[in-house]
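Secondary and tertiary structure notes
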Amino acid sequence: MTTTDRQISSAVFALLLSVVPTQADASEVSAGISFGGIQAGTATRLAVSPHAGISWRINGNILLKVHDLLSVVPPIQTGGTGVYNSAIAALGFG
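Everything numeric here is computed off the predicted structure, so don't read it as measured data. (Residues numbered from 1 in each chain as written. Predicted model: local features only at pLDDT ≥ 70, side-chain atom pairs only at ≥ 80, totals over all residues. Heavy atoms only, no water.)

Let us now look at the overall build of the chain. Along the backbone of the chain there are one helix and four strands. Written out in order from the N terminus, the α and β elements of the chain read α-β-β-β-β. A total of 94 residues make up the chain; the buried ones form 11% of that total. Sequence separation of 24 or more characterises 37% of the internal contacts of the chain that already satisfy a separation of 6 or more. (Helix = DSSP H or I, 4+ residues; strand = E, 2+ residues; numbered from the N terminus. Buried < 20%, exposed > 50% of the residue type's maximum accessible area, 1.4 Å probe, protein only. Contact = heavy atoms within 4.5 Å.)

Right, here's the structure in full:
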């Protein structure tokens with residue numbers, strides 16, 4: 001089998017996967033950390049924000065998503081340190 005034959009068969013396989021309708025049951029877990037500005041009072045200050053989220057199907061077409069974001073203002077700037085937390089839960093249908 002030559003390289004061209006492999007590319008053609010891979011393209012046909014990818015085309016078939018995109019044409020055949022299927023429903024997949026999947027869950028998602030995401031996490032990360034962000035660096036950026038946060039509005040604290042009248043001044044924008046540097047914040048470090050770790051975040052995590054998870055989503056999963058709980059019954060048929062109902063999707064539950066939970067996301068948490070914690071913003072920490074480090075004590076390296078005037079105004080001192082601070083913490084802000086945001087938790088979100090959402091239901092979706094699809």
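The next thing to look at is a nonpolar patch on the surface. Together, Ile-33, Phe-35, Leu-46 and Ile-76 make up a nonpolar patch on the protein surface, roughly 450 Å² of accessible area in all. Mapped onto the elements, Leu-46 comes out in strand E2 (residues 43-59). Accessibility expressed as a relative area gives 35% for Leu-46, which makes it partly exposed. (Patch = residues over 30% accessible without salt bridge, like charges linked within 9 Å, V, L, I, M, F, W, Y side chains within 5 Å. Areas by Shrake-Rupley, 256 points an atom, 1.4 Å probe, with all protein chains shown as cover. Salt bridge = Lys/Arg side-chain N within 4 Å of Asp/Glu carboxyl O.)

Moving on to the pairing of strand E3 (residues 62-73). Each regular strand shows side chains that alternate between the opposite faces of the sheet. One ladder, built from nine bridges, connects E2 with E3; its direction is antiparallel. Counted as the bridge partner of Arg-57 is Leu-63 from E3. The antiparallel pairing of E2 with E3 creates a hairpin that spans two residues between the two strands, and Gly-60 there sits at a positive phi of about 60°. By the bridge criterion, twelve bridges tie E3 to strand E4 (residues 82-93) in an arrangement that is antiparallel. Counted as the bridge partner of Leu-69 is Ser-86 from E4. (Pairing = 2+ DSSP bridges.)

This paragraph deals with the environment of Ile-62. Residue placement: Ile-62 occurs in strand E3. Residues Ile-62 and Leu-91 lie 29 residues apart in sequence; the distance between their C-alpha atoms is 6.9 Å.

This brings us to the side chain of Ser-55. If you trace the backbone, Ser-55 turns up in strand E2. By relative accessible area, Ser-55 is classed as buried at 8%. Sequence-distant contacts of Ser-55, defined by excluding residues within four places in its chain, comprise Ser-27, Glu-28, Leu-63, Leu-64 and Lys-65.

A few words now on the side chain of Ser-71. One can find Ser-71 in strand E3. Side chain to side chain, Ser-71 and Ser-49 meet in a polar contact 3.0 Å long. Sequence-distant contacts of Ser-71, that is, excluding residues within four places in its chain, are made with Ile-38, Val-48, Ser-49, Gly-82, Val-83 and Tyr-84. (Polar contact = N/O pair within 3.5 Å; in protein donor to acceptor, adjacent residues only side chain to side chain.)

Let us now look at the environment of Ile-88. Mapped onto the secondary structure, Ile-88 falls in strand E4. Considered as a pair, Ile-88 and Asp-68 are 20 residues apart in the sequence and their alpha carbons are 6.3 Å apart. Contacts of Ile-88, omitting those with residues within four sequence positions, involve Lys-65, Val-66 and His-67.

Shape descriptors only; they carry no functional weight alone.
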